[in-house]
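So you can see what is in the structure, the chains are spelled out below.
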Amino acid sequence: MYPIDEAAPYPRNQWYVAGTGQEFTRDILARRILDHPLVFYRTQEGEPVALWGLCPHRSMPFELGQLRDDELVCGYHGFAFSREGACVSIPTSSQISPACRVKSYALVERGPWVWIWMGDGEPDHALLPDASDIGLGADPSGWRIDITEPFVMQARAQLLIDNLLDLSHLAFVHNKTVGPAPIALAQAETVREGSRLFVKRTMEDEPTTPFISYLMPDAGDRVWNELITDFYSPGLINAGGPWVWKSRPDGSRGEAVAKLNFVHVVTPEGPNSTHYFGVLTRNFRLDDDELSLAMAAQNDAVRREDIIALEAIEKIVDRHGDAKREISVKADEGALMIRRWMRKLIAEENA
Ligand code: FES
Ligand SMILES: [Fe+2]
């Protein structure tokens, strides 16, 4: 499957975002992740729960059932299941087979999201991405965090990962919404550090753009500006920028001004569709709700442009795309590194 030749198009042994914390309520939420039908809810104590989404009796989707205290009651014949997935009562039988159960999944609530482990064996907590450097850790103080509209994109996750690792597309896909952004076409520096990968573009001592002046009126006339893709994991990628520093009179990099982050959460729904969640974080104008609304509206428009592009590619890529023969340039360096790494992860999982 393009561009990864393995039968499985995404690694399983990773943490993926199942949803925002606000989506986990006392109502049953159904969502397909890694092609598994799942249901989510919260216990009366507020703990998030994830279970396989189909009843083991006759495959009724649990989303049509209801909660009874912390138990999930199937809407077809009333079998009830604990939060661990064990059948605990059957209205027409006093006998309950131990085989009458559904899988439950480990969840971790961190920052604005609930993360799910659907991998083999015990969850590997060391793999949970730590994005505390952009305000998404246990302590968000000093950051404004705005959850943006979630999308389901009819395109495979890898297309979105490729997209985020080559931000030169800002100048084309987003030329109407983002406007002129010469930094998008600057030479990128790509650095791999463990499982993290950074693709950084820097403008050194340039006149302050109107967008930076609008965001950060104190930036001054000349600034250093960075646009960065920070790949934390296959499920979490930050497109950071503008990240701004004042220029000193000699043109060197001076005092830090502020950072704005467009954080992209990529959760495969299935082989050909993707949950695309987002959050904006910034470390300036923390109480400015109008700025948040304006940035969220722009961000939604930008993401829709990506979705249009990637859904167009999805429709034809298996018939006509060929990762071995396609042309790549320097700006693809980060995406190619991550593709190789993802292929290796997937191959190891399936060995
Ligand atoms: S299908 Fe769920 S109880 Fe029968
Ligand atoms: Fe984009």
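Heads up: the structure comes first, above all this text.
Each chain has its residues counted from 1, running along the sequence as written. Each chain is given a letter, starting from A, and each ligand a number, starting from 1, according to the order in which they appear as written. Where local features are concerned, this predicted model is filtered to residues with pLDDT of at least 70; where side-chain atom pairs are given and counted, the filter is 80 or more; whole-chain, interface and lining totals use all residues. Derived side-chain values reflect all non-hydrogen atoms in the structure, with water molecules and hydrogen atoms excluded from consideration.

Peer 1: Outline the packing of helix α1 (residues 157-165) against helix α4 (residues 333-349), listing residues and values.
Peer 2: Where α1 meets α4, the closest approach of the two axes is 8 Å, and the angle between their N-to-C directions is 145 degrees. Handedness of the α1/α4 crossing: right-handed. Of the residues in α4, those in contact with Gln-158, Ile-161, Asp-162 and Leu-165 of α1 are Gly-334, Ala-335, Ile-338, Arg-339 and Met-342. In this classification, the charged set is Asp, Glu, Lys and Arg, the nonpolar set is Ala, Val, Leu, Ile, Met, Phe, Trp, Tyr, Cys and Pro, and all remaining amino acids, among them Gly, are polar. Of the residues contributing to the contact of α1 with α4, the split by class is 5 nonpolar, 2 polar and 2 charged. Angles run from 0 to 180 degrees between N-to-C directions of axes, and those axes are lines fitted to C-alpha atoms, restricted for helices to the stretch in contact. Runs of H or I in DSSP of at least four residues are treated as helices and runs of E of at least two as strands, each being numbered from the N terminus. Two helices that cross are described as forming a left-handed crossing if the nearer one is turned anticlockwise from the farther one by less than a right angle, and a right-handed crossing if clockwise. The contact definition used throughout considers only heavy atoms, calling two residues in contact when any of these lie within 4.5 Å.

Peer 1: Just give me the short version of the coordination of the iron ion (ligand 2), but keep the residues and values in it.
Peer 2: Here the coordinating atoms are restricted to nitrogen, oxygen and sulfur within 2.8 Å of the metal centre, or 3.2 Å for Na, K and Ca, and because water is not among them the sites may look incomplete. Coordination of the iron ion (ligand 2) by the protein comes from His-169 (NE2), His-174 (NE2), Asp-306 (OD) and Asp-306 (OD), over a distance range of 2.1 to 2.2 Å. Here the metal geometry follows the donor angles, with tetrahedral for four donors whose angles all fall between 85 and 135 degrees, square planar for four and octahedral for six when opposite donors are more than 155 degrees apart and every other angle is between 65 and 115, and irregular for all the rest. Coordination geometry of the iron ion (ligand 2): the 4 donor atoms subtend angles of 58 to 148 degrees at the metal centre, consistent with an arrangement described as irregular. For the iron ion (ligand 2), all donor residues lie on one chain, and their spacing in sequence is H-x4-H-x131-D. In terms of burial, His-169 and His-174 fall into one category: buried. Type-normalised accessible area, obtained with a 1.4 Å probe on protein chains alone, sets the label of each residue: buried when under 20%, exposed when over 50%, and partly exposed for intermediate values.

Peer 1: Report on the sheet that holds strand β7 (residues 80-81), specifying residues and quantitative values.
Peer 2: Pairing between strands is defined by DSSP: at least two bridges between them are needed. Pairing within the open sheet is antiparallel, and its 4 strands lie in the order β5-β6-β7-β8. The open sheet has two edge strands with one neighbour each: β5 (66-68) and β8 (87-89). With 2 bridges connecting them, strand β6 (residues 71-73) and β7 associate as antiparallel partners. Opposite Val-73, over in β7, you have Ala-80 as the bridge partner.

Peer 1: Any details on the nonpolar core? Residues and values, ideally.
Peer 2: Note on terminology: a nonpolar core comprises buried Ala, Val, Leu, Ile, Met, Phe, Trp, Tyr and Cys residues joined through side-chain atoms within 4.5 Å. Formed by 27 residues in total, the largest nonpolar core has its most connected members in Leu-160, Ile-161, Leu-165, Phe-231 and Ile-338. Looking at this core, the elements with two or more residues in it are β12 (151-153), α1, β14 (196-207), α3 (289-320) and α4. Here Ile-161 is in contact with Phe-231, Pro-234, Ile-237, Val-266, Ile-338 and Met-342, once residues within four sequence places are set aside. Grouped together as the second largest cluster of nonpolar side chains are 20 residues, Leu-167, Met-216, Val-244 and Leu-260 included.

Peer 1: Mind laying out the pattern of salt bridges, listing which residues take part and the relevant values?
Peer 2: A pair is scored as a salt bridge if a Lys or Arg side-chain nitrogen falls within 4 Å of a carboxyl oxygen belonging to Asp or Glu. If you walk through the whole model with that rule in mind, you get 24 salt bridges. In this structure, the salt-bridge partner of Arg-196 is Asp-133, at a minimum N-O distance of 3.3 Å. Linking Arg-196 in strand β14 with Asp-133 in the loop between β10 (113-117) and β11 (144-147), this pair joins segments that are 63 residues apart in sequence. Between Arg-156 and Glu-314 there is a salt bridge, and its shortest N-O distance comes to 2.8 Å. Of this pair, Arg-156 sits in the loop between β12 and α1 while Glu-314 sits in helix α3, and the two are 158 residues apart along the sequence. Of the two residues, Arg-156 and Glu-314, both sit in the buried class.

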